[in-house]
Amino acid sequence: MFLSFMKKEHLNPASTIERRQFLKTTAGIASFFIVPRHVLGGRGFTAPSDMVSLGFIGTGKQSGSLRRNFLQTGEAQILAACDVHRTKLNTFVDAVKAFYTEKGQPYVNGIQTYSDFRELLSRNDIDAVVIAAPDHWHSALAIKAAAAGKDVYCEKPLALTVAEGRAMVDAVRKHKRVLQTGSMQRSWSEFRQAVELVRNGYIGELKTIRVNVGGPPKDWDLAAEPTPEGLDWNAWLGPNTIERPYNNQLAPPLSATFWPNWRMYKEFGGGGMTDWGAHMFDIAQWGMDMDGSGPTEIIPTSEGGKPGLTYRYANGVTMLHAPVDGKQYCHFIGTEGEVKVARGELTTTPASLKDKPMGESDKRVYFSDNHYKDFFKAIRTRQKPICDVEVGHRTASVCNIGNIAYQLNRPLRWNPEKEKFTGDAEANRLLSRPMRKV
């Protein structure tokens with residue numbers, strides 16, 4: 001899937017060296033010269049029907065659904081794509097062409113492909129980028145995209161560490177960009193309904209939340225395998241200082257029947273805690289109206305002989321993570337009822353609560369029924385989208401500090417304002433990671 005330090009395939013060595021030098025020279029000042037087209041009054045947003053020009057960074061398995069969802073809005077055109085795996089890049093381009101062919105529409109502009117994300121970001125005809133690279137690349141890409149004047153759609157979990165997430169928020173705010181986190185459940189009706197039932201007190205006082213997602217990441221246990229032709233493995237590793245050999249569990253071909261398992265290893269992801277946790281902990285945070293905060297304690301526990309966590313919030317709510325088999329869900333338990341929500345499912349106690357319409361005086365949350373159109377709306381209005389960078393960061397933080405509690409296996413006190421553990425230097429060191437410059 002995903003990014004590179006290399007240049008476009010057709011560049012000769014001399015022009016490659018010149019280009020690298022130019023990029024190094026201009027990196028620090030690029031944001032002053034690249035101005036969004038909506039500011040300049042160009043063709044970009046002179047009318048509501050104008051297309052948003054997208055560049056994709058990462059064209060692996062996840063990019064397929066993103067590509068379809070963005071194109072199906074009828075509000076976007078994909079002008080560029082970047083990947084360190086040539087086969088995946090070519091497949092992505094073919095799929096875009098096929099979309100227009102199926103619609104009987106001419107594909108006028110075509111897609112320019114890159115193996116270096118910096119070249120894609122240097123184009124001032126691209127309004128926004130879609131980051132579909134592995135988690136260990138998210139922060140570096142989003143920060144550089146914001147500095148280049150691009151709005152960003154970034155897959156969840158937003159960041160691999162708490163420090164990287166905060167740096168992403170700072171960059172987006174500094175450069176006045178829009179960032180939509182790919183936690184699309186916030187644009188699905190069953191999750192919105194669950195949250196509104198909880199926030200309006202229809203289950204009484206909220207006491208407990210149960211979140212069922214997988215556990216923490218595991219240590220490295222993969223053998224080295226030959227790197228496939230067309231894959232720049234050093235570039236795939238990107239900002240990681242810990243180098244690992246290629247194994248197809250990390251970056252399988254598109255024909256593989258499994259999702260890439262880089263997410264299950266500490267060097268690249270956060271296990272089920274961040275993979276599905278970025279969805280279900282997100283709904284828990286939303287239901288508690290904690291989008292700008294987080295828990296104050298994390299306590300390792302054991303339930304049914306399996307390790308788990310207890311999160312405590314300043315509002316008195318306890319959130320329990322105890323990985324069990326079955327569907328991922330978020331379960332709100334109050335003094336007078338319960339709401340349990342999973343994808344495509346909403347069950348309540350009492351059962352009639354599920355069919356209760358919201359009253360005129362009830363609190364309503366931000367409404368979005370299309371995560372991708374909501375991103376485009378935010379680009380045009382310059383308002384925050386439904387899953388703004390701060391929201392995505394706070395959810396990822398819940399996952400990341402939970403993984404730290406699992407790793408250290410001791411209670412931790414968390415200050416959500418300072419985003420630091422209280423009185424625990426060892427835990428605080430795990431809030432960031434060494435990274436090499438890309």
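Residues numbered from 1 in each chain as written. Predicted model: local features only at pLDDT ≥ 70, side-chain atom pairs only at ≥ 80, totals over all residues. Heavy atoms only, no water.

An unreviewed UniProt entry lists the protein chain under the name Gfo/Idh/MocA family oxidoreductase, with Nibrella viscosa as the source organism.

When you go through the protein chain residue by residue, the secondary structure sums to 15 helices and 15 strands. Taking all 438 residues of the protein chain together, 55% fall into the buried category. By sequence separation, contacts in the protein chain at least 24 residues apart represent 73% of the contacts at least 6 residues apart. Total accessible area computed for the protein chain in this model is approximately 18700 Å², and 51% of it derives from carbon and sulfur atoms. (Helix = DSSP H or I, 4+ residues; strand = E, 2+ residues; numbered from the N terminus. Buried < 20%, exposed > 50% of the residue type's maximum accessible area, 1.4 Å probe, protein only. Contact = heavy atoms within 4.5 Å. Areas by Shrake-Rupley, 256 points an atom, 1.4 Å probe, with all protein chains shown as cover.)

Take the sheet that holds strand β7 (residues 206-212) next. One open sheet holds the nine strands; their spatial order is β13-β12-β11-β7-β10-β9-β8-β14-β15, and the pairing between them is mixed. Looking at which strands have only one partner, the edges of the open sheet turn out to be β13 (345-349) and β15 (420-421). Here strand β8 (residues 297-303) pairs with strand β14 (residues 412-415) via two bridges, running antiparallel. Residue isoleucine 298 lies in a different strand from β14, and its bridge partner there is leucine 412. (Pairing = 2+ DSSP bridges.)

This next bit is on the pairing of β13. The alternating pattern of β13 places Leu346 and Thr348 on a buried face and Glu345, Thr347 and Thr349 on a face that is not buried. Bridging between strand β12 (residues 338-342) and β13 involves five bridges; their strand directions are antiparallel. The residue bridging lysine 340 from the neighbouring strand is threonine 347, located in β13. Hairpin geometry of β12 and β13 is characterised by an intervening segment of two residues between the two adjacent antiparallel strands and by a positive phi of about 80° at glycine 344.

On to the sheet that holds strand β1 (residues 52-57). The sheet built from six strands is open, its strands ordered β3-β2-β1-β4-β5-β6 with parallel pairing. Bordering the open sheet on either side are β3 (112-114) and β6 (179-181), each of which pairs with just one other strand. Taken pair by pair, the neighbouring strands of this sheet meet at an average axis angle of 25°, ignoring direction. Of the strand pairs in this sheet, β1 and strand β2 (residues 76-82) are connected by six bridges, and their pairing is parallel. If you follow isoleucine 57 over to β2, its bridge partner there is cysteine 82. (Axes fitted to C-alpha atoms, helices over the stretch in contact; angles between N-to-C directions.)

Turning our attention to helix α14 (residues 389-408). In a regular helix each residue adds 1.5 Å, so 20 residues correspond to 28 Å; α14 covers 28 Å between its end C-alpha atoms and thus fits that length. Within α14, 19 of the 20 residues are buried, which leaves the element mostly enclosed by the surrounding structure. Asparagine 409, located one to two residues past α14, shows a positive phi value of around 55°. (Expected span 1.5 Å × (residues − 1).)

Turning to the packing of helix α12 (residues 277-287) against α14, a few remarks are in order. Interaxial distance between α12 and α14 falls to 9 Å at its minimum, and their mutual angle equals 110°. Between α12 and α14, the interaxial angle falls into the category roughly perpendicular. Residues Gly277, Ala278, Phe281, Asp282 and Gln285 of α12 pack against Val391, Arg394, Thr395, Val398 and Cys399 of α14. By residue class, the composition of the contact of α12 with α14 is five nonpolar, three polar and two charged. (Parallel < 35°, antiparallel > 145°, perpendicular 65-115°, else oblique. Nonpolar A, V, L, I, M, F, W, Y, C, P; charged D, E, K, R; others polar.)

This part takes up the packing of helix α9 (residues 189-199) against α12. The N-to-C vectors of α9 and α12 enclose an angle of 35°; their axes lie 9 Å apart at closest approach. In this structure, the crossing between α9 and α12 has a hand that is right-handed. Along the contact surface, α9 presents Phe191, Arg192, Val195, Val198 and Arg199, while α12 presents Met280, Ile283, Trp286 and Gly287. Here the contact of α9 with α12 is built from residues that sort into six nonpolar, one polar and two charged. (Left-handed = near helix turned anticlockwise from the far one by under 90°.)

Another point: the environment of glycine 326. Within the element layout of this structure, glycine 326 appears in the loop between β10 (318-321) and β11 (329-334). With 113 residues separating them along the chain, glycine 326 and valine 213 place their C-alpha atoms 9.1 Å apart.

The end-to-end C-alpha distance of helix α5 (residues 86-103) is 26 Å, a good match for the 26 Å that 18 residues give at a rise of 1.5 Å each. Those residues of α5 not exposed but buried are Lys88, Leu89, Phe92, Val93, Val96, Phe99 and Tyr100. In a view along the axis of α5, the buried residues occupy a sector of 140°, so they form one face of it. Among the exposed residues of α5, those pointing more than 90 degrees away from its buried face are Thr101 and Glu102. In the core, the buried residues of α5 are packed alongside β1, α4 (61-72), β2 and β3. (Arc of directions from axis to C-beta.)

Another aspect to go through is the pattern of salt bridges. Pairing of side chains with opposite charge becomes possible as their charged atoms draw close. All chains considered together, the criterion is met by 25 salt bridges. The closest approach of N and O atoms between aspartate 151 and arginine 177, which form a salt bridge, is 3.2 Å. With aspartate 151 in strand β5 (residues 151-154) and arginine 177 in the loop between α8 (162-174) and β6, this residue pair connects regions lying 26 residues apart in the sequence. Given the relative accessible area of 2%, aspartate 151 is considered buried. A salt bridge links glutamate 426 to arginine 410, with the shortest nitrogen-to-oxygen separation between them at 2.9 Å. In this pair, glutamate 426 sits in helix α15 (residues 425-429) while arginine 410 sits in the loop between α14 and β14, placing the two residues 16 residues apart along the sequence. Looking at arginine 410, the relative accessible area reads 27%, which means it is partly exposed. A cluster of three or more residues bridged by salt bridges with shared partners is formed by Arg166, Glu390, Arg394 and Glu419. (Salt bridge = Lys/Arg side-chain N within 4 Å of Asp/Glu carboxyl O.)

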